[in-house]
Structure formats: C-alpha cells, structure tokens
Amino acid sequence: MSLDRTAAMNIAEVLTEALPYIQRFTGKTIVVKFGGNAMVDVALQNSFARDVVLMKAVGMNPIVVHGGGPQIGQLLEKLNIQSEFVDGMRVTDSATMDVVEMVLGATVNKQIVSLINNNGGQAIGVTGKDGQLIRAKKLSVKRKTPEVSATEIVDIGHVGEVRSINTSVIDMLINSHFIPVIAPIGVGEDGSSYNINADLVAGKIAEVVQAEKLMLLTNVAGLQSKNGEVLTGLSTEQVDNLIADGTIYGGMLPKIQCALDAVKSGVNSAHIIDGRVDHAVLLEIFTDAGVGTLITNRSQH
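Residues numbered from 1 in each chain as written. Predicted model: local features only at pLDDT ≥ 70, side-chain atom pairs only at ≥ 80, totals over all residues. Heavy atoms only, no water.

In the annotation of an unreviewed UniProt entry, the entry for the chain reads Acetylglutamate kinase, and the organism field reads Halioxenophilus aromaticivorans. Heading Subcellular location (unreviewed entry) of the UniProt record for the chain holds this comment: "Cytoplasm". UniProt's Function (unreviewed entry) comment on the chain is quoted here verbatim: "Catalyzes the ATP-dependent phosphorylation of N-acetyl-L-glutamate." (UniProt positions renumbered as here; feature names shortened; annotations may be inferred.)

See below:
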C-alpha cells in the first residue's frame, strides 16, 4: 500500500473513532482551563487553539478559562514588586492587583483570543468584571500558628473566591457563536477587583452551565498512583479514598478537589490532562484512550 494510501486510511480510522464522540457531544458545553506549559510553548498554543476551533466547528460549545501565574510573576519582577505566597496563593496588594489585571485581563486574554481567531475561530475575551460575570468575595485564609495552637486568619489582599456566576454573559456569547475566553478576575460588592484561582473559576463555571466536561490542563501526565502510574476512569468515591489515603497530596489537591466538586455538582465528567501533549484536548475528547485522568460519577467514558 502506498504511503499516501496508508495516511488516508489512518485519517479515515481516526475520523471513524471520533464520530461517536462528535455525535454525543454536539450541542454540549465543555469548559477548558488553559494554563501551564501549553500556555507558554508556541507549538502547544497553536495546537490548543486549533483543538478549540475544531470543537466549535463540530457543534460543541467550548468555554476557555485561563490562568497566567508565570506571566504575572515576570512583570512583577520587572517592576521590582516582591511576590509573596501563602499556601500557594499570591499575596495580592493593590499594586500587585493592578499588575494581575493588566496581565490577565489585557495581555494574556488578548493573546489567547488572537490565537483562536488566527486559527480560524471567533473568540471574544472577557474578565469576570464584564457584565458582572464573576461576583467575588475576599478569600480568608486560616492557618495554624506553630507557637500556639491557635488559628490565625491571614490577609492575602485582593485574592477572592467565587460568590456567583452571571451565566447570561456566557449564554449571550455562545448563542452568538463566539468562543468565550475568560480571565479569572472577579468583582466584589464594593466594585473592587479580586484575583481568583483559574481552576476554581473553571470549576464554578462548569457547575453553573451544567457542562458536559470540565478539562484542566496541567504540567503532569495526570493523577498518578504512588508508583507513578497514571490513574483514570475514577469515580468520585475512589478519588475521595485517594485523598484520604494520601495518594493525592500537595499541589495536586486543589486541582483534584475542584474537579471533584464539579462532578459532584452535576458536571458529567472532569479531566485532568497533560497540557504538554500536542492536541491534548482533542485526544481526550475524541479518542477511546485519552491523555489524562478522567473523574466521573459513572463508570463509562
């Protein structure tokens, strides 16, 4: 068989495998949190953008939520503003919040919008402040003080949590056939801005729009067992057990907790996928094998 014929057969096989997934997910909403390596590697940026455009082209409704931690860190460094972290969260005073808004709401958001548009899609970028899309409240962080066994509340400034999501903004964009690209900045009751963890925002949006899938791109192959094997096809109960026995710990905990909360709140499935893999989003949606950890309330893909 000639090389061209083999390549054509491969394409036919891929499309045949993808077809049932395309049929199943047409008209469904899929929330994708874009971050990590996929966000800074040019080839991965373009493969991500093409994945999102293809999802829209075959009738799905992708919603992109993005982070921008490294980019924020770089600009703060340039401006000689010291970065301080408490429990993995950036302490955000007023000067830092200005930088966060500039990086997330302007630079990074517009780069992703351009990426999607350059790859044949129609994206519109918004922050949580637009149309009061993300109403936020100040996040209070409690931690035990080692000297006395009391709990102290640490003020980490303009770091927020989601109070509510105004879905009418998202509905308007989706119904006008645009791909929403959302920066995780919320607005407080007094009009002040809050920096919110992008995983949390993606999870909450997936919950309120009752998304088919929540996909969190990370810099690891997925959730791993103690001997380094990627775990997938997990039920919420199995994930609870893995947290209890210490298999899931450290930096992976908040991400997993966010995926778990979404699935327990009615999102059909959550996926923690390897953003370092070319076309990771498509592989996870359109193939039997996938490229990460799948969490669902049911035992099917």
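### Description of the side chain of Ser193
By the element assignment, Ser193 lies in strand E12 (residues 193-195). A polar side-chain atom of Ser193 sits 2.8 Å from a polar atom in the side chain of Glu101. In this structure the side chain of Ser193 is engaged in a polar contact, spanning 2.7 Å, whose partner is the side chain of Lys129. Not counting chain neighbours up to four residues away, the residues in contact with Ser193 comprise Met97, Glu101, Lys129, His158, Ile185 and Gly186. (Helix = DSSP H or I, 4+ residues; strand = E, 2+ residues; numbered from the N terminus. Polar contact = N/O pair within 3.5 Å; in protein donor to acceptor, adjacent residues only side chain to side chain. Contact = heavy atoms within 4.5 Å.)

### Considering the pattern of salt bridges
Enumeration according to the criterion identifies nine salt bridges in this entry. Between Glu101 and Lys129 there is a salt bridge whose closest N-O contact spans 3.3 Å. One end of the pair, Glu101, is in helix H5 (residues 94-118); the other, Lys129, is in the loop between strand E5 (123-127) and strand E6 (134-138), and 28 residues separate them in sequence. The shortest N-O distance in the salt bridge between Arg163 and Glu189 comes to 3.6 Å. Of the two residues, Arg163 sits in strand E9 (residues 160-165) while Glu189 sits in the loop between strand E11 (185-187) and E12, which places them 26 residues apart along the sequence. You can call Arg163 partly exposed: its relative accessible area is 39%. (Salt bridge = Lys/Arg side-chain N within 4 Å of Asp/Glu carboxyl O. Buried < 20%, exposed > 50% of the residue type's maximum accessible area, 1.4 Å probe, protein only.)

### Observations regarding the pairing of strand E2 (residues 61-66)
Counting buried positions along E2 yields six of six residues, so the element is predominantly enclosed. Residues of E2 alternate between two faces, with Asn61, Ile63 and Val65 on one and Pro62, Val64 and His66 on the opposite face, all of them buried. Sheet topology note: the strand E1 (residues 29-34)/E2 ladder contains six bridges and is parallel. Bridged to Ile30 within E2 is Pro62. Sheet topology note: the E2/strand E10 (residues 179-183) ladder contains two bridges and is parallel. Bridge assignment links Val64 to a residue of E10, and that residue is Val181. (Pairing = 2+ DSSP bridges.)

### What about helix H4 (residues 69-78)?
Regarding H4, the residues found buried are Gln71, Ile72 and Leu76. One side of H4 holds all its buried residues, which, seen down the axis, span an arc of 135 degrees. Those residues of H4 that are exposed and aimed more than 90 degrees away from the buried face are Pro70, Gln74, Glu77 and Lys78. The first or second residue beyond H4 is Asn80, which carries a positive phi of 55 degrees. (Arc of directions from axis to C-beta.)

### Concerning the environment of Val208
Structurally, the position occupied by Val208 is in helix H7 (residues 198-208). By relative accessible area, Val208 is classed as partly exposed at 40%. Separated by 44 residues in the primary sequence, Val208 and Ser164 place their C-alpha atoms 8.9 Å from one another. When sequence neighbours within four positions are dropped, the list of residues in contact with Val208 reads Ile165 and Thr167.

### With respect to the sheet that holds E2
One open sheet holds the eight strands; their spatial order is E5-E10-E2-E1-E13-E15-E16-E14, and the pairing between them is mixed. The open sheet is flanked by E5 and strand E14 (234-235), the only strands paired with a single partner. Sheet contacts for helix H3 (residues 42-57): E1, E2, E10 and strand E13 (213-218); angle to E2, the most-contacted strand, approximately 150 degrees. (Axes fitted to C-alpha atoms, helices over the stretch in contact; angles between N-to-C directions.)

### What about the UniProt feature "site: Transition state stabilizer" (unreviewed entry) in the chain?
Per the UniProt record, "site: Transition state stabilizer" (unreviewed entry) is annotated on Lys33 and Lys255. These annotated residues cover 223 residues of sequence, and their C-alpha atoms lie no more than 10.8 Å from one another, placing them together at a single site. The residue Lys33 is located in strand E1 in this model. According to the relative accessible area criterion, Lys33 is buried, its value standing at 9%. Other than its neighbours up to four places away in sequence, Lys33 contacts Val65, Gly67, Ala198, Asp199, Ala202, Met215, Leu216, Leu217 and Lys255. Here the side chain of Lys33 touches Asp199 through a polar contact of 3.3 Å, side chain to side chain.

### Section: helix H9 (residues 252-264)
The terminal C-alpha atoms of H9, which comprises 13 residues, lie 18 Å apart, in line with the 18 Å expected from a rise of 1.5 Å per residue. Those residues of H9 that are buried are in contact with E1, H7, E13, helix H8 (236-244), strand E15 (269-274) and strand E16 (292-296). (Expected span 1.5 Å × (residues − 1).)

### Describing the packing of H4 against H5
If you want to describe how two helices pack, look at the angle between their axes and the distance between the axes. Running from N to C, H4 and H5 point in directions that differ by 130 degrees, and their axes come no closer than 10 Å. Taken as axis vectors, H4 and H5 run oblique relative to one another. By crossing handedness, the relation of H4 to H5 is classed as right-handed. Residues Gln71, Ile72, Leu75 and Leu76 of H4 lie in contact with H5, whose contacting residues are Thr96, Val99, Val100, Met102, Val103, Leu104 and Val108. Of the residues in the contact of H4 with H5, the class split is nine nonpolar, two polar and no charged. (Parallel < 35°, antiparallel > 145°, perpendicular 65-115°, else oblique. Left-handed = near helix turned anticlockwise from the far one by under 90°. Nonpolar A, V, L, I, M, F, W, Y, C, P; charged D, E, K, R; others polar.)

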